[in-house]
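Survey of secondary and tertiary structure
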Amino acid sequence: MKNKKIVLGISGGIAAYKSPELVRLLIKAGAEVQVVMTQAATKFVTETTMQAVSGNPVFVSQWDPRVSNGMAHIELSRNADAILIAPVSADMMAKHSLGLADDLLSTLCLARGTESGGMIVDCPLLMAPAMNLQMWNHPATKRSVERLQRDGVHLLGPASGDQACGEVGMGRMLEPVEIIESLIAFFQKKLLQGKKVLITAGPTFEPIDPVRGITNRSSGKMGFAIARAAIESGAEVHLITGPVALDTPLAHTGKIQRTDVETAEQMLNAVLAAKDYDIFFSVAAVADWKIKSPNLQKIKKNSSNGLSIEFEENADILFTIASRVKNNKPFCVGFAAETENIEEYGKTKLKQKKIPMLIANHGPSTFGSDENQLILIEANGSLKLARSDKLSLAREIIAKVSERLV
Ligand code: CTP
């Protein structure tokens, strides 16, 4: 969002109490925010508040004398990267779907245009609806939604849950953080539009008895970052994850299915059950071994003189999938966390697993961290990706993979 100019429209709804927080998060993400409110919105949150948090004068009236040429509805969007209306009321949606323009915000939406290469092109318009569930389900609102989408307006949400009126159902505005994530996703290149992506993430857990087991130090953050970056680039994602303490990325978009598993065997079965995907990112740190016969009851400390455990090898999930590839589908990407000879071991694994791409790193220095430093290995060479946050690296990996698909 760095240096992005966002016109934030606020229409009349109780969800407007979240608007100052939304502005705060937009500014924190690097955006510049120009607030435009309807008269009704000023009943829920004041212009003074919005001016204070945005650091810019707030516009409500079409006849505002502060715009030098008197044409606020034209001027305000001309250097904007997007107009976001949050909350957008049923009334504002209906109004814009019919092309009505009787106040500054609705007129601005109709006249929206932004400069690009010396020309005026449509300024993107995103709306985050907020209304009572009866209003959301009303056929008139459904017609508005249909018309708005046909006209290229992007709807963010709504979500389902408790409503201000005490009822429960569809119509809640997305949380400000979800709106920002959607907006960030909107600005990413749609490099994987229409693609289906399968991802394994996190560690696996192999039980010794009902209370103990063997696992590893993978946090799942890299796999979850790949999932987020894939959705941002237009893909649909199925994320199969071992035990992690992470929220599902971009869950509110409906573009992600999550399956939680514990053991390597469960992960293998979940992967084998998945059908018809274009790309497989095998990010999970899968246990190579499982306990041959886990105890059905807790092993007591004094039950034996020294404990010995018999192991059995787990199937290699990535190798299993890579061996079934037909016509380059799915495109398989392996990950390897090493402690030494990172590139050399990575190249060997690329060949052993018969995959076209492998991402290698130094495991211990990045486990659980938000940052990573990676080497992208392919048959004809390696590329070092500079140390960065895991989401930025995930976006770089997605970009590289998209080049290989064409
Ligand atoms: N992998 C897998 N199933 C396994 C083991 C590994 O799918 N049973 C996948 C991982 O998800 C990763 C890649 O294989 O994408 C490399 O994993 P890694 O553990 O580094 O490789 P191993 O083949 O297990 O080699 P080693 O443990 O000896 O380094």
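Scope of this entry: the structure provided in the associated data block. (Residues numbered from 1 in each chain as written. Predicted model: local features only at pLDDT ≥ 70, side-chain atom pairs only at ≥ 80, totals over all residues. Heavy atoms only, no water.)

**Description of the overall build of the protein chain**
The test is simple: In DSSP terms, a helix is any run of H or I states spanning at least four residues, a strand is any run of E spanning at least two, and both are numbered starting from the N terminus. Whether a residue is buried, partly exposed or exposed follows from its accessible area with a 1.4 Å probe, protein chains only, as a fraction of its type maximum: under 20%, in between, or over 50%, in that order. Should any heavy atoms of two residues lie within 4.5 Å, those residues are counted as being in contact.
A count of helices and strands for the protein chain gives 14 helices and 21 strands. Dimensions of the protein chain along its principal axes, counting C-alpha atoms only, are 85 × 50 × 40 Å. Taken over 406 residues, the protein chain has a buried fraction of 48%. The contacts of the protein chain with a sequence gap of at least 6 include a subset with a gap of at least 24, amounting to 66%.

**Digging into the pairing of strand S13 (residues 236–241)**
Note the cut-off: By definition, two strands form a pair when at least two bridges between them are found by DSSP.
Burial of S13 is extensive: 5 of the 6 residues sit out of reach of the surface. One ladder, built from 6 bridges, connects strand S10 (residues 196–201) with S13; its direction is parallel. Directly across from Ala201, in S13, lies its bridge partner Thr241.

**A word on the packing of aromatic side chains**
Rules: Aromatic rings from Phe, Tyr and Trp, with only the six-membered ring used for Trp, were paired whenever their centres fell within 6.5 Å, and each pair was classed as stacked if the ring planes differed by under 30 degrees, edge-to-face if by over 60, and tilted otherwise. Lysine and arginine charges are scored as sitting over a ring when NZ or CZ, respectively, is within 6 Å of the ring centre and within 35 degrees of the ring normal.
Counted under the stated rule, the structure contains 2 aromatic pairs. Centroid distance Phe186 to Phe187: 5.4 Å. Interplanar angle 75 degrees. Geometry classified as edge-to-face. Its relative accessible area of 21% is what places Phe186 among the partly exposed residues. The lysine or arginine in question, Lys4, covers the ring of Phe187, its NZ or CZ lying 4.8 Å from the ring centre. The lysine or arginine in question, Arg66, covers the ring of Phe59, its NZ or CZ lying 4.6 Å from the ring centre.

**Considering the packing of helix H1 (residues 19–28) against helix H2 (residues 47–54)**
The condition is simple: Lines fitted to C-alpha atoms define the axes here, with helix axes fitted over just the stretch in contact, and angles between the N-to-C directions of these axes take values from 0 to 180 degrees. With respect to orientation, any angle under 35 degrees is reported as roughly parallel, any angle over 145 as roughly antiparallel, any angle of 65 to 115 as roughly perpendicular, and every other angle as oblique. Put simply, a crossing is left-handed when the front helix is turned counterclockwise from the back one by less than a right angle, and right-handed when it is turned clockwise. Polar here means any residue outside two lists: the nonpolar Ala, Val, Leu, Ile, Met, Phe, Trp, Tyr, Cys and Pro, and the charged Asp, Glu, Lys and Arg; Gly therefore counts as polar.
Running from N to C, H1 and H2 cross one another at 15 degrees; their axes reach a closest spacing of 9 Å. The orientation of H1 relative to H2 falls into the category roughly parallel. Once H1 is placed against H2, the crossing between them reads as right-handed. Note on element contacts: H2 touches H1 through Thr49, Met50, Val53 and Ser54, opposite Ser19, Pro20, Val23 and Ile27. Taken together, the residues that form the contact of H1 with H2 break down as 5 nonpolar, 3 polar and no charged.

**Considering the sheet that holds strand S19 (residues 357–362)**
Here 8 strands make up an open sheet; going across it, the order is S14-S13-S10-S15-S18-S19-S20-S21 and the pairing mixed. Of all the strands in the sheet, just strand S14 (256–260) and strand S21 (381–389) have a single pairing partner and so form its edges. Sheet twist, expressed as the average angle between the axes of neighbouring strands with direction ignored, equals 15 degrees. Across the sheet, helix H9 (residues 221–232) is in contact with S10, S13, S14, strand S15 (279–282), strand S18 (331–338) and strand S20 (371–378); its angle to S13 comes to roughly 170 degrees.

**Considerations on the site of the ligand**
Definition in use: We define proximity as follows: a residue is near a molecule or strand when any one of its heavy atoms falls within 4 Å of that partner. For the purposes of these results, a polar contact is taken to be a pair of N or O atoms within 3.5 Å, where, inside protein, one atom must be able to donate a hydrogen and its partner to accept one; residues adjacent in sequence count only when each atom of the pair is a side-chain atom. Under the convention used here, a 1.4 Å probe and the Shrake-Rupley method define accessible areas, while residue burial counts only the protein chains that appear. With a 1 Å grid laid over protein atoms only, a set of points is called a cavity when a 1.4 Å probe fits there but cannot get out and a pocket when it is open yet has protein on both sides within 12 Å along at least five of seven lines; lining residues have an atom within 4 Å of a point. Molecule-in-pocket calls rest on the fraction of atoms, with more than half required to lie within 2 Å of the cavity or pocket grid points.
The full set close to the ligand counts 13 residues, and Ser282, Ala284, Phe335, Lys349 and Lys353 are the nearest of them. In this structure, an oxygen atom belonging to the ligand sits 2.7 Å away from a main-chain N or O atom of Ala284. Between the ligand and Lys349, the relevant distance is 2.6 Å, taken from an oxygen atom to a side-chain nitrogen or oxygen of the residue. Against a free-state accessible area of 560 Å², the protein chains account for coverage of 77% of the ligand. Structurally, the ligand is housed in the largest pocket.

**So, the layout of surface pockets**
So the rule is basically this: Grid points are joined across faces, edges and corners, and a volume is the space filled by probe spheres set on the points.
By volume, the largest pocket amounts to about 990 Å³. What lines the largest pocket is a set of 46 residues, among which Ala284, Ala285, Val286, Phe335 and Ala337 lie closest to the centre. Residue assignment for the lining of the largest pocket shows that the elements contributing at least two residues are H9, strand S17 (311–313), helix H11 (317–322), S18, S19, helix H13 (363–366) and S20. Here the element with the most residues in the lining of the largest pocket is S18; it accounts for 5 residues. Of the residues assigned to the lining of the largest pocket, the class counts are 21 nonpolar, 16 polar and 9 charged.

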